[in-house]
Amino acid sequence: MKYVDGFVLVVSEKNLPAYRKMAEKAGKIWMKHGALEYFECVGDDLNPDVPPEMQGIRFPQMIKAGTGETVIFSFIVYKSRAHRDEVNAKVMKDPDMNDPEWKDKPMPFDMKRAAYGGFKVIVEG
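Treat the numbers as computed from the prediction; the structure is a model and nothing was measured.

Enquirer: What am I meant to see in the pattern of salt bridges here?
Expert: It is possible for side chains bearing opposite charge to pair when their charged atoms get close. For the structure shown, the criterion picks out 7 salt bridges. Notably, a salt bridge pairs arginine 20 with glutamate 24, separated by 3.2 Å at the nearest N-O pair. Residue arginine 20 and its partner glutamate 24 are located together in helix H1 (residues 16–32), separated by 4 residues, close to a single helical turn. Since its relative accessible area comes to 57%, arginine 20 is described here as exposed.

So, in structure tokens, the structure goes:
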């Protein structure tokens, strides 16, 4: 059964280029160590027009995105939870994860408004 690590976070629009650069590098590292797929998605239609009975909390509300900020939705696909654990262990030991280019630089997103979790895939189309 496939397994997915999912992330939702807020990024200042001015930090999107730095975030994208970091995410592109991260994607290469995860794929090198066996992830099946790696996605980084930036908010586009975050306040869709839906009937009132279908309205729930929207991503900007959930993550408390303010003016000049957007939502990032990311996910990494693995063969299983055990595979995820193996890949992540290799990723954390990868020298590129400690690239001097990023040393002492702040993350291009607000860690305090980031959510992460592992998910079992129950339906795949």
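There is more to say, and it comes next.
Enquirer: So what exactly am I meant to see when it comes to the packing of aromatic side chains here?
Expert: Ring pairs (aromatic) are described by centroid distance and by the angle formed between their planes. Following the criterion strictly, the structure yields 6 aromatic pairs and no others. Note on tryptophan 30 and tyrosine 38: the rings are 6.2 Å apart at their centroids and 40 degrees apart in plane angle, and the pair reads as tilted. We note that tryptophan 30, like tyrosine 38, is buried. Ring geometry for phenylalanine 73 versus phenylalanine 75: centroids 5.6 Å apart, planes at 45 degrees, classification tilted. The exposure class of phenylalanine 73 is partly exposed, given its relative accessible area of 38%. What links up through ring pairs into an aromatic cluster is the set Phe39, Phe59, Phe73 and Phe75.

Enquirer: Can you walk me through the layout of surface pockets in this structure?
Expert: Any empty space left between atoms is shown by rolling a water-sized probe over those atoms. By volume, the largest pocket is sized at about 740 Å³. Taken together, the elements giving at least two residues each to the lining of the largest pocket come down to strand E1 (3–12), H1, strand E2 (37–42), strand E3 (69–78), helix H3 (81–93) and strand E4 (115–120). Broken down by element, the lining of the largest pocket gets its largest block of residues, 7 residues, from H1. Classifying every residue of the lining of the largest pocket by side-chain character gives 21 nonpolar, 3 polar and 6 charged.

Enquirer: Any chance you could explain the pairing of E1 here in plain terms?
Expert: Looking down a regular strand, the side chains alternate between one sheet face and the other. The buried fraction of E1 is high, at 9 of 10 residues. Summarising the sheet, E1 and E3 pair through 10 bridges and their orientation is antiparallel. Note on E3: the bridge partner recorded for phenylalanine 7 is serine 74. Bridging between E1 and E4 involves 6 bridges; their strand directions are antiparallel. Residue pairing across strands places valine 8 opposite alanine 115, the latter belonging to E4.

Enquirer: Would you take a moment to explain the side chain of arginine 113 for this structure?
Expert: By the secondary structure assignment, arginine 113 is in the loop between H3 and E4. Only 2.4 Å separates the side chain of arginine 113 from the backbone oxygen of lysine 64, close enough to count as a polar contact. Look past the residues within four positions of arginine 113 in its chain and what remains in contact with it is Val8, Leu9, Val10, Ile63, Lys64, Ala65, Gly66 and Glu69.

Enquirer: What is the right way to look at the sheet that holds E4 in this model?
Expert: Spatial strand order, E2-E3-E1-E4: 4 strands in an open sheet with antiparallel pairing. Each edge of the open sheet carries a strand with a single partner, namely E2 and E4. Strand-to-strand twist in this sheet, taken as the mean axis angle between neighbours without regard to direction, amounts to 15 degrees.

Enquirer: Hey, could you run me through H1 in this one?
Expert: Since the α-helix turns once every 3.6 residues, residues separated by three or four places project in the same direction. The terminal C-alpha atoms of H1 lie 24 Å apart, and with 17 residues this matches the ideal 24 Å at 1.5 Å per residue to within 8%. On the buried face of H1, the contacting elements are E1, E2, E3 and H3.

Rules used in this analysis
Residues numbered from 1 in each chain as written. Predicted model: local features only at pLDDT ≥ 70, side-chain atom pairs only at ≥ 80, totals over all residues. Heavy atoms only, no water. Salt bridge = Lys/Arg side-chain N within 4 Å of Asp/Glu carboxyl O. Helix = DSSP H or I, 4+ residues; strand = E, 2+ residues; numbered from the N terminus. Buried < 20%, exposed > 50% of the residue type's maximum accessible area, 1.4 Å probe, protein only. Phe/Tyr/Trp six-rings, centres within 6.5 Å; stacked < 30°, edge-to-face > 60°. 1 Å grid on protein atoms, 1.4 Å probe; cavity = no way out; pocket = protein on both sides within 12 Å on 5 of 7 lines; lining within 4 Å. Points joined across faces, edges and corners; volume = space filled by probe spheres on them. Nonpolar A, V, L, I, M, F, W, Y, C, P; charged D, E, K, R; others polar. Pairing = 2+ DSSP bridges. Polar contact = N/O pair within 3.5 Å; in protein donor to acceptor, adjacent residues only side chain to side chain. Contact = heavy atoms within 4.5 Å. Axes fitted to C-alpha atoms, helices over the stretch in contact; angles between N-to-C directions. Expected span 1.5 Å × (residues − 1).

Honestly, it's all geometry; don't read function into it.
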